[in-house]
Amino acid sequence: MYAEAFEWLCVYGPEHVDTKDILRLCSRLLERNGYEQDDDMTRLCAYLYRNNRYDPNILNYLILHFNGSLRETRALFRACDSFGLEGYNLLERILIQTLFTGTFLNEKYQLYELYRKAGGSLEIEKAFLVRCAYDYLVKETLTDEGVLKRICELVEEGEPVNRVLRLAYLKVVSGEDDSKWNIDVIQKLVLDEIKKDRVFPFFLNFAGKIPLLLPFTDYAYVEYRGESDSRVTMHYAIEHDNGVETEYRKEEMHNLYGGIFVKSFLLFFGESIQYYITESSGNREQLTQSSQVERAEELNYNTDWKYSVLNEAAIGREVHDYQTCEKMLYEYMKQENLIRKIFSENN
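This structure is a prediction, so every number in the text was calculated from the model and none was measured.

Enquirer: Could you give an account of the layout of surface pockets, naming the residues involved and the relevant values?
Expert: In this structure, the second largest pocket spans a volume of roughly 240 Å³. Lining of the second largest pocket is provided by 13 residues; of these, T103, F104, K108, R131 and D135 occupy positions nearest its centre. Broken down by element, the residue count for the lining of the second largest pocket peaks at three residues, all from helix 8 (residues 122-137). By residue class, the composition of the lining of the second largest pocket is five nonpolar, four polar and four charged.

Enquirer: Give me the lowdown on the pairing of strand 2 (residues 231-239), citing residues and values where you can.
Expert: The buried fraction of strand 2 is high, at seven of nine residues. Pairing of strand 2 with strand 6 (residues 272-281), which is carried by nine bridges, proceeds in the antiparallel orientation. Note that in strand 6 the partner of A237 across the bridge is Q274. In this structure, strand 2 lies alongside strand 3 (residues 249-252), joined through four bridges in antiparallel fashion. Residue pairing for strand 3: M234 is matched across the bridge by E251.

Enquirer: Describe the environment of R50, with residues and values.
Expert: Looking at where R50 falls in the secondary structure, it is placed in helix 3 (residues 39-50). As for R50 and E72, which are separated by 22 residues in sequence, their C-alpha atoms are 8.8 Å apart. The contacts of R50, once residues within four sequence positions are left out, are F66 and E72. A distance of 2.6 Å separates polar atoms of two side chains, one belonging to R50 and the other to E72.

Enquirer: Any chance you could break down a nonpolar patch on the surface for me, citing the residues and the numbers?
Expert: A contiguous nonpolar surface patch, about 390 Å² in accessible area, is contributed by W8, V11 and Y12. Within the secondary structure, W8 sits in helix 1 (residues 2-12).

Enquirer: Go over the nonpolar core, please, and point to the residues and values.
Expert: A general tendency of soluble globular proteins is for nonpolar side chains to be buried together. Ranked by internal contacts, the top residues of the largest apolar core, which has 77 residues, are Y169, L170, I186, F203 and F206. No other element matches the eight residues that helix 10 (residues 163-174) contributes to this core. The contacts of F203, once residues within four sequence positions are left out, are L167, L170, V190, E193, R198 and L213.

Enquirer: Summarise the sheet that holds strand 3; cite the residues concerned and give the values.
Expert: Two pairing modes exist for strands in a sheet, parallel and antiparallel, and in both the strands are linked by backbone hydrogen bonds. Strand order in the open sheet formed by four strands is 3-2-6-7, and the pairing between neighbours is antiparallel. Strands with a single pairing partner mark the edges of an open sheet, and in this sheet they are strand 3 and strand 7 (284-294). Going from strand to strand, the sheet's axes swing by 25° on average, the running direction of each strand aside.

Enquirer: Summarise unusual backbone geometry; cite the residues concerned and give the values.
Expert: Positive phi, close to 60°, is recorded for N52, a residue that is not glycine. The residue N52 is located in the loop between helix 3 and helix 4 (56-65) in this model. Note on N52: relative accessible area 60%, which makes it exposed. Although it is not a glycine, D197 sits at a positive phi angle of roughly 60°. Structurally, D197 can be placed in the loop between helix 11 (183-194) and strand 1 (219-225). Judged by relative accessible area, which is 68%, D197 ranks as exposed.

Enquirer: So what's going on with the pattern of salt bridges? Residues and values would help.
Expert: Overall, the coordinates contain 19 salt bridges when judged by the stated rule. For the salt bridge of K126 with E123, the shortest nitrogen-to-oxygen distance reads 3.7 Å. One end of the pair is K126 and the other is E123, both in helix 8 and three residues apart, which spans about a single turn. Overall, the relative accessible area of 10% leaves K126 in the buried class. Classification of E123 as exposed rests on a relative accessible area of 54%. Here R163 ties to E193 by a salt bridge, and the two come within 2.9 Å at their closest N and O atoms. With a gap of 30 residues between them, R163 in helix 10 and E193 in helix 11 connect regions that are remote in the sequence. Overall, E193 belongs to the buried group, its relative accessible area being 4%. Shared partners join several salt bridges into a network, and the residues in it are R74, R78 and E107.

Enquirer: Before we move on, can you summarise the side chain of T143 with the specific residues and values?
Expert: For T143, the position within the fold is in the loop between helix 8 and helix 9 (145-156). Only 2.9 Å separates the side chain of T143 from the backbone oxygen of T141, close enough to count as a polar contact. Once you skip the residues sitting within four places of it in the chain, T143 turns out to touch Y109, C132, Y136 and L148.

Reading the values: the criteria
Residues numbered from 1 in each chain as written. Predicted model: local features only at pLDDT ≥ 70, side-chain atom pairs only at ≥ 80, totals over all residues. Heavy atoms only, no water. 1 Å grid on protein atoms, 1.4 Å probe; cavity = no way out; pocket = protein on both sides within 12 Å on 5 of 7 lines; lining within 4 Å. Points joined across faces, edges and corners; volume = space filled by probe spheres on them. Helix = DSSP H or I, 4+ residues; strand = E, 2+ residues; numbered from the N terminus. Nonpolar A, V, L, I, M, F, W, Y, C, P; charged D, E, K, R; others polar. Buried < 20%, exposed > 50% of the residue type's maximum accessible area, 1.4 Å probe, protein only. Pairing = 2+ DSSP bridges. Contact = heavy atoms within 4.5 Å. Polar contact = N/O pair within 3.5 Å; in protein donor to acceptor, adjacent residues only side chain to side chain. Patch = residues over 30% accessible without salt bridge, like charges linked within 9 Å, V, L, I, M, F, W, Y side chains within 5 Å. Areas by Shrake-Rupley, 256 points an atom, 1.4 Å probe, with all protein chains shown as cover. Salt bridge = Lys/Arg side-chain N within 4 Å of Asp/Glu carboxyl O. Core = buried A, V, L, I, M, F, W, Y, C linked by side-chain atoms within 4.5 Å. Axes fitted to C-alpha atoms, helices over the stretch in contact; angles between N-to-C directions.

Here it is, written out as structure tokens:
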């Protein structure tokens, strides 16, 4: 009798039948036959759900086989939760849909955490974290602390992750107290970037603990965010402490990742740079940013590096401390002679 009634419903449709009767029929068939996928059963269960008629049997079937819009799937998950049903499959579908559609979800972090605690797929979890890491690093989006913590855990545990997760990790820990740093992991990741001539300004926060970064503290950095496939050019003039400016020159900025463009400058005490930035795409060029940059003395950890020695000499001259100025110039000449001697011997 149930099978025949189900067949009639499939042929003529459910529109003119009381939803209470359809619910009773489908629920009993599911109890009898199990939850194997059936296109007709899926259509009828989805029809019941959309008409706000369901019980645990209908919901359990939809957890396994429903594929609807993101909005419907979220609502279905909430309905299942109200019945105390495990909606793991729905959580996975919601996360995958947000990844492919780019749809913004207010509760995406809470849904991700539920999925992770339910023992979700690590590959899907990493794909979700990649999207979060990109938004955090490139778009500078405010990101959930639990997500950032999880990124750090994966990196420090040695889990294979792609570059954006590694960079997000470095950015996160660069803002933490150095007592929390896993210096071996940080040094390895930073070195991998430096080998490819990619130095992000936040790397300098590690200079006090990673000696290989010390030479980079002599430089001032300008960071700009644009379209990844654009050509970004910096037009600048150096202003010296006597007020004299050089002529404007232009140089292309380097795209380090995803539209994060960086340009470094060697500046000494009393020098600053006036600049503006243009971004070109196709035949269109527009001025996007203008500002000024000066040497950041508070980040200069490297008092023994030759450019830092010259800078100390310049400061000494400015404050009329000629003894320090002379001492620093002597140290600079000593380093220059040593470098020449090393290179001449190698040749």
